[in-house]
Amino acid sequence: MQRFSISFMGALLGMSLITGPVEAGGAKVAITRTERCNNLSRQVDEALETHAASTQVTAAKALPRRGNRFCANKKQAQGIRMLANALKLLGVTPIDPDAVTPKTDLQGKETKP
């Protein structure tokens, strides 16, 4: 009997891992910290190109290197903060993957759908 309950619990756990978090209008896939690091790193790279004339560009260039190092060393929360701070120095709002707002460009201006 105990063998059955253990395998049944394992099956339930497996099914819950497959389905993931569910939101009231459908399924929602949670973004991992590693994915968040990668997304912010790409956003910083784009912002550095488009905001090369910014007065804070030198300070902003140092932060992504440190942030990417934190992300690579399993300290994603610290890396995310560094990358977000680099964007803020450039005057760019970090893209929030969980926000339900109109699409924004790198300068933080709303675009028409």
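Residues numbered from 1 in each chain as written. Predicted model: local features only at pLDDT ≥ 70, side-chain atom pairs only at ≥ 80, totals over all residues. Heavy atoms only, no water.

Caption draft 1: Inspection of the overall build of the protein at higher detail. Along the protein, the regular secondary structure elements total four helices and two strands. When the helices and strands of the protein are placed in sequence order, the string is α-β-β-α-α-α. Per-residue burial over the protein gives 24% buried out of 113 residues. In the protein, the proportion of contacts linking residues at least 24 apart, taken out of those at least 6 apart, comes to 57%. If you sum the accessible surface of the protein, you get close to 8500 Å²; carbon and sulfur atoms cover 58% of it. (Helix = DSSP H or I, 4+ residues; strand = E, 2+ residues; numbered from the N terminus. Buried < 20%, exposed > 50% of the residue type's maximum accessible area, 1.4 Å probe, protein only. Contact = heavy atoms within 4.5 Å. Areas by Shrake-Rupley, 256 points an atom, 1.4 Å probe, with all protein chains shown as cover.)

Caption draft 2: View of the environment of Leu90. Structurally, the position occupied by Leu90 is in the segment after helix 4 (76-89). Each C-alpha atom, one on Leu90 and one on Ala60, is 6.8 Å from the other, the two residues being 30 residues apart in sequence. Beyond its immediate stretch of four places on either side in the chain, Leu90 contacts Ala47, Leu48, His51, Ser54, Val57 and Ala60.

Caption draft 3: Molecular detail of the confidence of the model for the protein. Across the protein, pLDDT averages 75, with 60% of residues at or above 70. No element of the protein has a lower mean pLDDT than helix 1 (residues 2-19), which averages 46, and none a higher one than helix 4, which averages 94. In the model, residues 7-20 has pLDDT below 50 throughout and makes zero contacts with residues more than four positions away in sequence or in other chains. (pLDDT = per-residue confidence, 0-100.)

Caption draft 4: Highlighting helix 4. Relative to the 20 Å expected for 14 residues at 1.5 Å per residue, helix 4 spans 20 Å between its end C-alpha atoms, a close match to the ideal helical length. As for helix 4, its buried residues are in contact with helix 2 (33-50) and helix 3 (57-72). Gly91 occupies a position one or two residues after helix 4 and carries a positive phi of about 80 degrees. (Expected span 1.5 Å × (residues − 1).)

Caption draft 5: Spatial organisation of the packing of helix 2 against helix 4. At a closest axis distance of 9 Å, the pairing of helix 2 and helix 4 adopts a crossing angle of 20 degrees. Overall, the two elements helix 2 and helix 4 adopt an arrangement that is roughly parallel. The way helix 2 lies across helix 4 gives a crossing that is left-handed. Residues Arg33, Thr34, Arg36, Cys37, Leu40, Ser41, Gln43, Val44 and Ala47 of helix 2 touch helix 4, and the partners they reach there are Gln76, Ala77, Ile80, Leu83, Ala86 and Leu87. Class assignment for the residues of the contact of helix 2 with helix 4 results in nine nonpolar, four polar and two charged. (Axes fitted to C-alpha atoms, helices over the stretch in contact; angles between N-to-C directions. Parallel < 35°, antiparallel > 145°, perpendicular 65-115°, else oblique. Left-handed = near helix turned anticlockwise from the far one by under 90°. Nonpolar A, V, L, I, M, F, W, Y, C, P; charged D, E, K, R; others polar.)

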